[in-house]
Amino acid sequence: MASLRVLPKVSAASSLLSRQFAVRAYSTAKTQSLKERLKELIPEKQAEVKEVRAKYGNKVMGETTVDMMYGGMRGIKGLVWEGSVLDAEEGIRFRGYTIPECQKLLPAAEGGEEPLPESLFWLLVTGEIPTAEQVKALSADWAARSAIPSYVEDLLDRCPNTLHPMSQFSLAVTALQHESSFAKAYQSGVPKTQYWDYTFEDANDLIAKLPNIAARIYRNVFKDGKVPEIDRNLDWGANFAHLLGYQDPKFVELMRLYLTIHSDHEGGNVSAHATHLVGSALSDPYLSFAAGMNGLAGPLHGLANQEVLRWTLKLREQVGPNATDEEIKEFLWKTLKSGQVVPGYGHAVLRKTDPRYTCQREFALKHLPTDPMFKLVSQLYNIVPGVLTEHGKTKNPWPNVDAHSGVLLQHFGFVEQDFYTVLFGVSRALGVMNGLIWDRALGLPIERPKSFSTAHLKKMFEGK
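Rules used in this analysis
- Residues numbered from 1 in each chain as written.
- Predicted model: local features only at pLDDT ≥ 70, side-chain atom pairs only at ≥ 80, totals over all residues.
- Heavy atoms only, no water.
- UniProt positions renumbered as here; feature names shortened; annotations may be inferred.
- Helix = DSSP H or I, 4+ residues; strand = E, 2+ residues; numbered from the N terminus.
- Polar contact = N/O pair within 3.5 Å; in protein donor to acceptor, adjacent residues only side chain to side chain.
- Contact = heavy atoms within 4.5 Å.
- Expected span 1.5 Å × (residues − 1).
- Salt bridge = Lys/Arg side-chain N within 4 Å of Asp/Glu carboxyl O.
- Phe/Tyr/Trp six-rings, centres within 6.5 Å; stacked < 30°, edge-to-face > 60°.
- Buried < 20%, exposed > 50% of the residue type's maximum accessible area, 1.4 Å probe, protein only.
- 1 Å grid on protein atoms, 1.4 Å probe; cavity = no way out; pocket = protein on both sides within 12 Å on 5 of 7 lines; lining within 4 Å.
- Points joined across faces, edges and corners; volume = space filled by probe spheres on them.
- Nonpolar A, V, L, I, M, F, W, Y, C, P; charged D, E, K, R; others polar.

- Looking at an unreviewed UniProt entry, the chain carries the name Citrate synthase, with the source organism given as Spizellomyces punctatus.
- Per UniProt, the comment on the chain under Sequence similarities (unreviewed entry) is "Belongs to the citrate synthase family."

### Focus on the UniProt feature "active site" (unreviewed entry) in the chain
Working step 1: Feature annotation in UniProt places "active site" (unreviewed entry) on His301, His347 and Asp402, given in this structure's numbering. Taking the farthest pair of C-alpha atoms as the criterion, the annotated set spanning 102 residues converges on one region, since that pair is 11.2 Å apart.
Working step 2: Here His301 shows up in the loop between helix 14 (285–296) and helix 15 (304–319).
Working step 3: At a separation of 2.9 Å, a polar atom in the side chain of His301 contacts the side chain of Ser271.
Working step 4: Positionally, His347 belongs in the loop between helix 16 (325–337) and helix 17 (355–367).
Working step 5: Apart from residues lying up to four places away in sequence, His347 is in contact with Leu86, His265, Arg356, Asn396 and Asn400.

### Regarding helix 17
Working step 1: Spanning 13 residues, helix 17 covers 18 Å between terminal C-alpha atoms, matching the ideal 18 Å at 1.5 Å per step.
Working step 2: Packing partners of the buried residues in helix 17 comprise strand 4 (91–94), helix 4 (99–105), helix 12 (249–261), helix 18 (372–391) and helix 19 (402–411).

### Points about the environment of Ala441
Working step 1: Within the fold, Ala441 resides in helix 20 (residues 420–441).
Working step 2: Here the alpha-carbon distance between Ala441 and Ile42, two residues 399 residues apart in the chain, equals 6.5 Å.
Working step 3: Excluding residues that lie within four positions of it along the chain, Ala441 makes contacts with Ile42, Gln46 and Trp196.

### Observations regarding the pattern of salt bridges
Working step 1: Taken as a whole and judged by the stated rule, the model has 23 salt bridges.
Working step 2: Residue Arg216 is joined to Glu153 by a salt bridge in which the shortest nitrogen-to-oxygen separation is 3.8 Å. Placement of the pair is Arg216 in helix 10 (residues 195–222) and Glu153 in helix 7 (residues 150–158), with a sequence separation of 63 residues.
Working step 3: One salt-bridge network, in which partners are shared between bridges, spans Lys35, Asp141, Arg145, Asp197, Glu201 and Asp205.

### A short note on the packing of aromatic side chains
Aromatic ring pairs are defined here through the distance separating the ring centres and the angle between the ring planes.
Working step 1: As enumerated under the stated definition, the model contains 18 aromatic pairs in all.
Working step 2: Judged by centre distance (5.1 Å) and plane angle (15°), the rings of Tyr218 and Phe414 are stacked. Of the two residues, Tyr218 is situated in helix 10 and Phe414 in the loop between helix 19 and helix 20; the sequence distance between them amounts to 196 residues.
Working step 3: Relative accessible area serves as the criterion here: at 0%, Tyr218 is assigned to the buried category.
Working step 4: Where Phe222 meets Phe419, the ring centres are 6.5 Å apart and the plane angle is 85°; that geometry is what we call edge-to-face. One end of the pair, Phe222, is in helix 10; the other, Phe419, is in the loop between helix 19 and helix 20, with 197 residues separating them in the sequence.
Working step 5: Residue classification places Phe419 among the buried positions, given a relative accessible area of 0%.
Working step 6: Clustering of aromatic rings is evident, with ring pairs tying together Tyr218, Phe222, Tyr246, Phe251, Phe412, Phe414, Phe419 and Tyr420.

### A few points about empty space enclosed by the protein
Working step 1: If you walk through the whole model with that rule in mind, you get three cavities of 30 Å³ or more.
Working step 2: Taken as a whole, the largest cavity spans an internal volume of roughly 80 Å³.
Working step 3: Along the walls of the largest cavity sit Val80, Trp81, Glu82, Gly83, Asn434, Gly435, Trp438, Asp439, Leu442 and Leu444, which together make up its complete lining.
Working step 4: Considering only residue class, the lining of the largest cavity consists of five nonpolar, three polar and two charged.
Working step 5: Taken as a whole, the second largest cavity holds about 60 Å³ of empty space.
Working step 6: Lining the second largest cavity, in full, are Ser139, Trp142, Ala143, Ser146, Ala208, Pro211, Ile230, Leu234, Asp235, Trp236 and Asn239.
Working step 7: Taken together, the elements giving at least two residues each to the lining of the second largest cavity come down to helix 6 (132–144), helix 10 and helix 11 (236–244).
Working step 8: With three residues, the single largest contributor to the lining of the second largest cavity is helix 6.
Working step 9: Its residues assigned to classes, the lining of the second largest cavity shows seven nonpolar, three polar and one charged.

### Description of the side chain of Gln134
Working step 1: The residue Gln134 is located in helix 6 in this model.
Working step 2: From its side chain, Gln134 meets the backbone nitrogen of Thr131 in a polar contact 2.9 Å long.

### A word on helix 13 (residues 270–280)
Working step 1: The buried fraction of helix 13 amounts to eight of the eleven residues, a majority that puts the element mostly inside the structure.
Working step 2: For helix 13, every residue scored as buried is listed here: Ser271, Ala272, His273, Ala274, Thr275, His276, Gly279 and Ser280.
Working step 3: Structurally, helix 13 contributes buried residues whose contacts are with helix 14 and helix 20.
Working step 4: Of the residues one or two after helix 13, Leu282 is the one with positive phi, at around 65°.

### A few points about the layout of surface pockets
By rolling a water-sized probe across the atoms, one finds the places where empty space is left.
Working step 1: As a volume, the second largest pocket reaches approximately 440 Å³.
Working step 2: Only helix 6, helix 11 and helix 12 provide two or more residues apiece to the lining of the second largest pocket.
Working step 3: When its residues are assigned to classes, the lining of the second largest pocket shows eleven nonpolar, four polar and five charged.

In structure tokens:
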């Protein structure tokens, strides 16, 4: 019997319904693997990029201002990132699909409702909705690749408990470079046309091993140091929850949702850009991902989720568990007037509520509607935007993804805040590894933007 594959989305205006029926059958002797499908797609994508460059290569994309140069290149259009695009009004689209559409179309685990992270990775790599059979095969492949070398285990076991989990995470990933198929192939002189193949193998090996690495760090720092074996019958998210020591089916569903929605967010954020930048020098996926994780560890990026939770706990401690709206408003104004920001609100691109916040809120309404911290987060959702709008210094007063994730984890007893960014890092691998595979498939060059000194800028514009 022929399998069915949903065709890639052709425009942002296409309706979900029309795409659900935009299918074509193709016959295979067995379930087509992700790598087999990617091998078919690469020549098509290479031809598309060649055509786009021929037609539009001399077109101008926006303008660069001196303020942008001093402001961290904020808003400069200078990267191609295939996996996702962030719209200021509607939020993230993964290969053209919104989060609600992904929740509806991507295969879930048997008995589950949230999309499997493996299915999102397939979508990111191919632009296509996979079948349940294809996702199951990918889950099994990752489980088979999941073991980490004994020297990496020994390295992590020797780390002091006081070494931050993100430092240990980066350390372990860097050490895994010893296993890199790409590095070995490059040293042997493999042709450039085959770079993507070895990058693909490294990317999947890395993704497969991350739950084992992260769980070992978690167990060593916060628990008894004992890590259970991977269950080859479980999907990637369920195995991660299992390794961490959580069996509650609701937590497993939360882990699948968390790993899916934190995976990719365009190519300009620090972790994605750092991975791409280092990878552009033909550093292998392990070194590239480690660079991205060192960026993710910063308080302005991946550490934001734990900062939000700590601020929320401080709020509850100071105003009490049953604070009125007016008491919360008073606390918010006190925060703002002291020169601090309200964490979890505002976004560099978005100008509406982050859809990643919304889907987490919907999860909470379904599974933990009476949780006191969730009620406080809901209260903040109704109050903060108005206060920030009145304050007048925030372009986007609406909540982002970090405003909710910590509260959900706390509900299920996952209270180790220093580990939250590691969870983020495991998820982010899906997006940045997809990006790196396509960087090599398309033969993208080393990244090298032009820079100027302040003196040179003054010379350029003086008298004009």
